[in-house]
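Per-entry structural report
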Amino acid sequence: MDSFDAGAGGLLRQPKAVWATAGASVVAFMGIGLVDPILPSIAQGLHATVSQVSLLFTSYFLITAVAMLLTGFVSSRIGGRKTLLLGLAFVVVFAGLAGTSGSVGQLVGFRAGWGLGNALFVSTALAVIVGAAAGGSAAAILLYESALGLGMACGPLLGAVLGNVSWRYPFFGTATLMAIGFLCITAFLKEQPRPARKTSVLDPLKALGHGGLASAAVSAFFYNYTFFTVLAFTPFVLDMTPYRSGAVFFAWGVLLAVFSVIVAPRMQARFGSLKVLGGSLVLLAADVLALGYGDHTTAVVCTILSGAFIGVNNTVYTELALGVSDAPRPVASAGYNFVRWFAAAAAPFFAPKIEEWTDIHIPFVVAAVTAVLGALVVLVRRRALTREAAELEPAHATEDGVTVFAN
């Protein structure tokens with residue numbers, strides 16, 4: 001019986017605390033793709049350029065990357081419940097403020113505050129779910145990954161529905177949903193046991209001294225540049241109404257969820273993690289090249305199809321990062337995420353700049369190259385990654401800290 005089947009039996013039999021945290025996790029992940037369908041509308045409403053609007057992703061993920069060094073430090077001192085509530089409070093405040101923005105500069109700044117809140121929440125949610133879940137860690141992980149996939153799929157859909165009225169409404173909608181999540185966690189979640197050892201801010205950086213973890217992080221850095229070129233730059237290329245763009249990215253998110261939760265574990269069991277990861281990265285490179293050079297219909301199809309490759313990659317990268325080194329999983333995860341989120345911040349900034357310097361095709365050429373570079377790192381550093389890949393088991397969190405999944 002594989003990990004999916006093992007976890008499915010206990011998936012629905014969870015206490016209210018788990019459902020409250022998982023529900024808030026869905027909304028948290030919705031925030032990543034929420035702005036996708038309304039990027040052109042924001043640019044028009046605030047009289048901003050493509051480069052300026054793309055900074056909504058850059059500020060969000062730049063703060064998220066830096067915050068990864070702080071989340072373990074914070075949660076090991078104030079506890080998981082308080083860290084979740086602190087993160088939710090940040091999101092409620094800054095998402096609401098984002099909807100009141102009078103300039104793109106204000107909106108970019110509020111998204112940065114939102115990114116800090118999301119980092120605190122998302123980085124703690126899995127550990128809390130595992131600590132409170134019934135049926136073992138397999139069911140908890142499956143529930144968390146399902147929340148992740150559902151959030152990534154529904155974010156663009158919510159953005160499209162509310163954004164069709166006004167680009168401000170998706171931000172107000174997110175603030176409202178996260179406020180409900182705050183109340184649910186306050187009511188149903190009890191404080192989790194604190195770790196015996198407090199985490200230092202420098203612990204994640206020290207963990208990157210391990211060759212295998214560093215290799216996984218560098219490969220994921222290149223991959224994430226490709227991932228977020230698709231997520232942040234493609235809406236401008238498709239140039240569709242919020243409804244149509246939201247439908248495209250909803251389908252993209254559904255594929256991401258299905259391939260992350262169901263398909264990837266089966267492929268890993270049959271072919272091995274490194275072969276699956278290398279092959280998926282190469283196929284993603286071919287897909288984004290076709291996206292960049294094809295006609296409009298081809299671009300739509302390739303955008304949706306990229307969700308399948310991204311879903312597979314996210315699952316495999318997470319498990320590699322959490323199992324390849326001797327560092328505690330919360331610490332290894334923080335170091336890994338610290339590196340890879342910088343690419344998520346870089347891609348939305350550089351993709352429109354590259355278009356300005358060259359033409360609309362070249363950003364996708366660069367994205368294809370970075371995907372191939374990610375595959376080459378896996379190939380060249382396969383010995384350093386083999387320890388974990390040889391006996392890969394689903395990643396899990398322990399009560400002594402925080403695990404951060406790759407999405």
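Residues numbered from 1 in each chain as written. Predicted model: local features only at pLDDT ≥ 70, side-chain atom pairs only at ≥ 80, totals over all residues. Heavy atoms only, no water.

A closer look at helix H11 (residues 242-271)
The condition is simple: Bending is quantified residue by residue as the angle between axes fitted to the seven-residue window ending at that residue and the seven-residue window starting at it. Helix and strand labels come from DSSP, where a helix needs a run of H or I of at least four residues and a strand needs a run of E of at least two; each type is numbered from the N terminus.
Approximately 45° is the largest bend angle found in H11, and it occurs at Val263, with the proline Pro265 only one to four residues beyond. At the exit of H11 stands Gly272, carrying a positive phi of roughly 95°.

Examining the packing of aromatic side chains
For any two aromatic rings, the description comes down to two numbers: the centre-to-centre distance and the angle of the planes. Cut-off, in case you're wondering: We call Phe, Tyr and Trp rings a pair once their centres come within 6.5 Å, taking the six-membered ring for Trp, and we label the pair stacked below 30 degrees between planes, edge-to-face above 60, and tilted otherwise. When accessible area is computed with a 1.4 Å probe and restricted to protein chains, residues below 20% of their type maximum are described as buried, those above 50% as exposed, and intermediate ones as partly exposed. Two conditions define a charge sitting above a ring: the NZ of Lys or the CZ of Arg must be within 6 Å of the ring centre, and it must be within 35 degrees of the ring normal.
Evaluation of the coordinates by the stated rule reveals 18 aromatic pairs. Between Phe90 and Phe94, the aromatic rings sit 6.0 Å apart at their centres with planes inclined by 5°, giving stacked as the arrangement. Here Phe90 pairs with Phe94, and both are found in helix H5 (residues 80-98), just four residues apart, close to one helical turn. The class of Phe90 is partly exposed, set by a relative accessible area of 25%. Looking at Phe94, the relative accessible area reads 21%, which means it is partly exposed. Against the face of Phe73 rests Arg77, its NZ or CZ located 3.8 Å from the ring centre. For Arg340, the ring lying beneath its charged end belongs to Trp341, and the centroid distance is 4.1 Å.

Things to note about the nonpolar core
Test applied: Throughout this description, the term nonpolar core refers to a set of buried Ala, Val, Leu, Ile, Met, Phe, Trp, Tyr and Cys residues connected via side-chain atoms within 4.5 Å.
One finds Ile42, Phe61, Phe121, Phe171, Ile185, Phe228 and Trp252 to be the most contacted residues of the largest nonpolar core, which totals 119 residues. Among the elements that take part in this core, helix H10 (residues 211-238) stands out by supplying 14 residues, more than any other.

Some remarks on the confidence of the model for the protein
Applicable threshold: pLDDT is defined as a per-residue confidence score from the predictor, taking values between 0 and 100. We call two residues contacting when some pair of their heavy atoms lies within 4.5 Å.
For the protein, per-residue confidence averages 83 on the pLDDT scale, and 87% of positions sit at 70 or higher. Within the model, pLDDT remains below 50 along residues 1-9, and this stretch shows 14 contacts once partners closer than five positions in the same chain are excluded. Segment residues 389-407: pLDDT under 50, and 64 contacts once partners within four positions in sequence are set aside and those in other chains are kept.

A few points about the environment of Ile180
Take Ile180: it is sitting in helix H8 (residues 169-188). Remark: the alpha-carbon pair of Ile180 and Val92, spanning 88 residues in sequence, is separated by 9.7 Å.

Observations concerning a nonpolar patch on the surface
We apply this condition: Each patch is built from residues lacking any salt bridge and having more than 30% relative accessible area; the joining distance is 9 Å for like charges and 5 Å for nonpolar side chains (Val, Leu, Ile, Met, Phe, Trp, Tyr). For the accessible areas, the method is Shrake-Rupley and the probe is 1.4 Å, while residue cover comes only from the protein chains on display. Put simply, a salt bridge is a Lys or Arg side-chain nitrogen that is within 4 Å of an Asp or Glu carboxyl oxygen.
Residues Leu157, Val161, Tyr243, Phe250, Val254, Val258 and Ile262 make up a contiguous nonpolar surface patch of about 520 Å² in total accessible area. Sorting the residues of the nonpolar patch by element identifies helix H7 (136-163) and H11 as the ones contributing at least two each. Here the nonpolar patch takes five residues from H11, the largest share from any one element. Position of Val161 relative to the elements: it lies in helix H7.

Focus on the environment of Ala207
Take Ala207: it is sitting in helix H9 (residues 203-207). The exposure class of Ala207 is buried, given its relative accessible area of 9%. Once residues within four sequence positions are removed from consideration, Ala207 is found in contact with Leu213, Ala327, Val331 and Ala332.

Notes on the packing of helix H12 (residues 273-293) against helix H15 (residues 362-380)
As a reminder of what qualifies: Axis angles are defined between N-to-C directions and span 0 to 180 degrees, where every axis is a line fitted to C-alpha atoms and, for a helix, only to the segment in contact. By definition in this entry, angles of less than 35 degrees are roughly parallel, angles greater than 145 are roughly antiparallel, angles of 65 to 115 are roughly perpendicular, and the rest are oblique. Here the term charged refers only to Asp, Glu, Lys and Arg, the term nonpolar to Ala, Val, Leu, Ile, Met, Phe, Trp, Tyr, Cys and Pro, and the term polar to all other amino acids, Gly among them.
The interhelical angle for the contact between H12 and H15, taken along N-to-C directions, is 170°, at an axis separation of 8 Å. In terms of axis orientation, H12 runs roughly antiparallel to H15. Side by side, H12 and H15 meet where Leu274, Leu277, Gly278, Leu281, Val282, Ala285, Val288, Leu289, Leu291, Gly292 and Tyr293 of the first sit next to Ile362, Phe364, Val365, Ala367, Ala368, Ala371, Val372, Gly374, Ala375 and Val378 of the second. Of the residues contributing to the contact of H12 with H15, the split by class is 18 nonpolar, three polar and no charged.

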